[in-house]
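# A structural walkthrough
Below are the chains, spelled out letter by letter.
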Amino acid sequence: MANDVQQGKVLGEYAAKQLAAKTVAIIDDRTAYGQGLADEFEKAAVASGAKIAAHEFTNDKATDFSAVLTKIKSKKVDLVFYGGMDAQAGPLSKQMKSLGLKAKYLVGDGGFTPEFIKLAGPASEGQYASLPGVPLDQMPGGKAFSDAFTAKYGEIQLYSPYTYDAVMVMADSMKRADSIEPAKFLPEIGKSDYQGVTAKIQFDDKGDLKGGSISLYQVKDGKWTYLQTMGGAPEAK
């Protein structure tokens, strides 16, 4: 999957260019995930022309965001970005609405859950989130995988196609190394050129997925609805 450097970059560009946010407030939960994503978002948003009016902090146990949001409200920002998980992202959206903060709201994949909608209630409507990869029905092998998986195991969980591809990339590397010894097949993983269910899988010199794509979603009528995909893996041959 695309990593959080790639995800943060896409989110920052999306906020500034697609959502036309001129001034942005950032809140993160100080975890490795939340802070890392927020820092990458900030870099990309600034590079795309947005001004950061505030960068505030909370934690992954907090439930009351009134002090942080009151401070942000006075800045009259166009968009609030939250780096963290749904347990805080949902209440944050709800409290934004109750405080009359009319800014758009954008979260990463930590907020892309049914729980976010449940926790935010009506305040989830119109909010934005991202998810690495593309929707299942747009994956090169998505339909065939979906049919086979659901027939055997039932409903697909979010990361199932990616887990499947990860295993098959390892298996392909073992074949090319003609060995199941890690010392022999691990070097082959970085050289992968494998057509997976999710994408054409190749890695850069750091071991990250080349051209990782990120999809954007918005809550419409109480459900996450696909908007568009930014970035993208190499084309299948």
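Heads up: the structure comes first, above all this text.
Described below are features of the structure shown in this document. Since the structure is predicted, the reported quantities are computational estimates derived from the model, not experimental observations.

### Some thoughts on helix α1 (residues 4-18)
The terminal C-alpha atoms of α1 lie 20 Å apart, and with 15 residues this matches the ideal 21 Å at 1.5 Å per residue to within 8%. Of the surrounding secondary structure, the elements contacted by the buried residues of α1 are α2 (32-47), β3 (79-83), β4 (104-107), β5 (128-132), β8 (214-220) and β9 (223-230). The backbone nitrogen of valine 5 lies 3.1 Å from a side-chain oxygen of the residue at the head of α1, namely asparagine 3. Following α1 by one or two positions, alanine 20 has its phi on the positive side, about 55°.

### Some details on the pairing of β9
With seven bridges connecting them, β8 and β9 associate as antiparallel partners. The residue of β9 that forms the bridge with glutamine 218 is threonine 225. What sits between β8 and β9 in their antiparallel hairpin is a turn of two residues, with aspartate 221 showing a positive phi close to 50°.

### Focus on the sheet that holds strand β2 (residues 51-57)
Reading across the sheet, the seven strands line up as β2-β1-β3-β4-β5-β8-β9 and stay open at both edges, with mixed pairing between neighbours. Each edge of the sheet is formed by a strand with only one pairing partner; in this case those strands are β2 and β9. Put simply, the sheet's adjacent strands are angled 25° from each other on average, direction ignored. As paired elements, strand β1 (residues 23-28) and β2 share six bridges and run parallel to each other. Looking across to β2, one finds that isoleucine 26 is bridged to histidine 55.

### Considering helix α6 (residues 142-153)
Counted at 1.5 Å a residue, the expected span for α6 with its twelve residues is 16 Å, and the 16 Å between its end C-alpha atoms agrees. Looking only at α6, the buried set comprises Gly142, Phe145, Ser146 and Phe149. Looking straight down α6, one finds that the buried residues subtend no more than 100° of arc, so they occupy a single side. With respect to the buried face of α6, the exposed residues turned more than 90 degrees away are Lys143, Ala144, Ala148, Ala151 and Lys152. Looking at the buried residues of α6, the elements they touch are α7 (160-177). One or two steps after α6, the chain reaches glycine 154, where phi turns positive at roughly 95°.

### Regarding the pattern of salt bridges
Applying the stated criterion across every chain, the model contains ten salt bridges. A salt bridge links aspartate 60 to lysine 61, with the shortest nitrogen-to-oxygen separation between them at 3.2 Å. Each member of the salt-bridge network shares a partner with another, and the members are Asp172, Arg176, Glu188 and Lys191.

Rules and cut-offs
- Residues numbered from 1 in each chain as written.
- Predicted model: local features only at pLDDT ≥ 70, side-chain atom pairs only at ≥ 80, totals over all residues.
- Heavy atoms only, no water.
- Helix = DSSP H or I, 4+ residues; strand = E, 2+ residues; numbered from the N terminus.
- Expected span 1.5 Å × (residues − 1).
- Contact = heavy atoms within 4.5 Å.
- Polar contact = N/O pair within 3.5 Å; in protein donor to acceptor, adjacent residues only side chain to side chain.
- Pairing = 2+ DSSP bridges.
- Axes fitted to C-alpha atoms, helices over the stretch in contact; angles between N-to-C directions.
- Buried < 20%, exposed > 50% of the residue type's maximum accessible area, 1.4 Å probe, protein only.
- Arc of directions from axis to C-beta.
- Salt bridge = Lys/Arg side-chain N within 4 Å of Asp/Glu carboxyl O.

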